[in-house]
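Structure at a glance
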Amino acid sequence: MSPIRSICCLGAGYVGGPTCCIMAQQCPDITVTVVDKSVERIAAWNSSNLPIYEPGLQEVVEECRGKNLHFSTDIEQAIKQADLVFICVNTPTKTFGLGKGKAADLKYVELAARMIADTVEEGQGRKIVVEKSTVPVKAAESISNILRHNIKPGVTFQVLSNPEFLAEGTAIEDLLKPDRVLIGGEETKEGKEAISALGEVYRHWVPQERIITMNTWSSELSKLAANAFLAQRISSINSMSAVCEATGADVSEVAEAIGRDTRIGPKFLQASVGFGGSCFQKDILNLVYISECLNLPEVAEYWSQVVSFNNFQRRHPRVCCHLHCQTPSRRGS
């Protein structure tokens, strides 16, 4: 199988932009094109005033832009030329219909899949499509169905899951030195070849032992689970802050004592007014909805309580004000 030489990213937002900038910097032999329907956003990426701020991002863009890193509104051309296409579009919580207020709205993901299917021309061979957006389990199956129902002669698709684990303020560091890179795909010969091809891109700068391969569903669930576990820690220490106020204990001292336990560790043990951002709550509610759909009411209720306590904490800021606590400095996305 030939190596990946051209990458297209659908979506020039917080995930797609920084991710592809680092890929371009670390893989000078690969052409990376970030595309978006928003003329204003692409114009910003092509200027000195980037649409998002992350420490170190400006320098990376200036180093690579115009060489092997490009920002464009010509979506069709970028898809046609790409060996691999990242889907980095928004997945907001549904505001109406089945799953309202909990389920992730996949309309933008599905529109991206349809655009890929419609744009790829006959005889273009293998195309690897990678879901980078935070999605519910089985979203890759939806993407695969759209692609395969609209397939053209001489074209094959492989859909992979490659979730992002970025935190605002440290995105460049997170991309350059990730704790892990997850790549999920089908457990077939073609699926394993696609996983290997994407893995080879990351191996330009990520140690092999940090690249973890698994099936698609495990990869998708791992992203939701990671954010759910982090949010759970915040709600846990916040619950202790209420007990501390009632008893005269100091929550910062309790947090230090807990964090010294090597089985627990000190991270995400700062009492606060809540999660600090929308991603944790969005992902937990998505997990609640999935659990309900799988007829796992006890699981759904368990994670619902994490969100419920977060809402309680936001309604009672006096607890945190009294304790002089700060919001968590790192937020999942």
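Residues numbered from 1 in each chain as written. Predicted model: local features only at pLDDT ≥ 70, side-chain atom pairs only at ≥ 80, totals over all residues. Heavy atoms only, no water.

What to know about the overall build of the protein chain
Check the secondary structure of the protein chain and you find 13 helices and 8 strands. Relative to a compact globule of 333 residues, whose C-alpha radius of gyration would be 20 Å, the protein chain shows 21 Å and is just as compact. Across the 333 residues of the protein chain, 48% fall into the buried class. Here the analysis covers contacts within the protein chain between residues at least 6 apart in sequence; of these, 78% occur between residues at least 24 apart. (Helix = DSSP H or I, 4+ residues; strand = E, 2+ residues; numbered from the N terminus. Rg over C-alpha atoms; globule rule 2.2 N^0.38 Å. Buried < 20%, exposed > 50% of the residue type's maximum accessible area, 1.4 Å probe, protein only. Contact = heavy atoms within 4.5 Å.)

Let's talk about the nonpolar core
Of all hydrophobic cores here, the largest spans 44 residues; its most connected members are Ile7, Phe86 and Tyr202. It is helix α8 (residues 189–202) that contributes the most residues to this core, 6 residues altogether. Apart from the residues within four sequence positions on either side, Tyr202 is in contact with Met23, Lys132, Asn162, Val181, Ile183 and Ile211. Formed by 26 residues, the second largest nonpolar core is a distinct cluster that contains Val109, Ala113, Ile116 and Val159. (Core = buried A, V, L, I, M, F, W, Y, C linked by side-chain atoms within 4.5 Å.)

Side note on α8
One turn of the α-helix equals 3.6 residues, which is why residues spaced by three or four share an orientation. With 14 residues, α8 extends 20 Å between its outermost C-alpha atoms, agreeing within 8% with the 20 Å of an ideal straight helix rising 1.5 Å per residue. Those residues of α8 not exposed but buried are Gly191, Ala194, Ile195, Ala197, Leu198, Gly199, Val201 and Tyr202. (Expected span 1.5 Å × (residues − 1).)

Things to note about the confidence of the model for the protein chain
Across the protein chain, pLDDT averages 90, with 94% of residues at or above 70. Residue range residues 318–331 is modelled with pLDDT below 50. Its contacts to residues more than four positions away, or to other chains, number 37 contacts. (pLDDT = per-residue confidence, 0-100.)

A look at the pattern of salt bridges
What the rule picks out here adds up to 11 salt bridges. Measuring nitrogen to oxygen at the nearest pair gives 2.7 Å for the salt bridge that ties Arg263 to Asp261. (Salt bridge = Lys/Arg side-chain N within 4 Å of Asp/Glu carboxyl O.)

Let's talk about the environment of Lys37
With respect to the secondary-structure elements, Lys37 resides in the loop between β2 (31–35) and α2 (39–45). Measuring from C-alpha to C-alpha, the distance between Lys37 and Lys107 comes to 15 Å, with 70 residues separating the pair along the chain. Those residues in contact with Lys37 that lie beyond four places of it in its chain are Ile75 and Met115.

Thoughts on the environment of Ala44
Mapped onto the elements, Ala44 comes out in helix α2. Spatially, the C-alpha atoms of Ala44 and Val34 are 12 Å apart, while their sequence positions differ by 10 residues. When residues no more than four places from it in sequence are discounted, the contact partners of Ala44 are Asn49, Leu50 and Pro51.

A closer look at the environment of Thr93
In this structure, Thr93 sits in the loop between β4 (84–87) and α5 (107–119). Sequence separation of Thr93 and Asn286 is 193 residues, and the distance between their C-alpha atoms is 7.8 Å. Beyond its immediate stretch of four places on either side in the chain, Thr93 contacts Gly101, Lys102, Ala103, Asp105 and Lys282.

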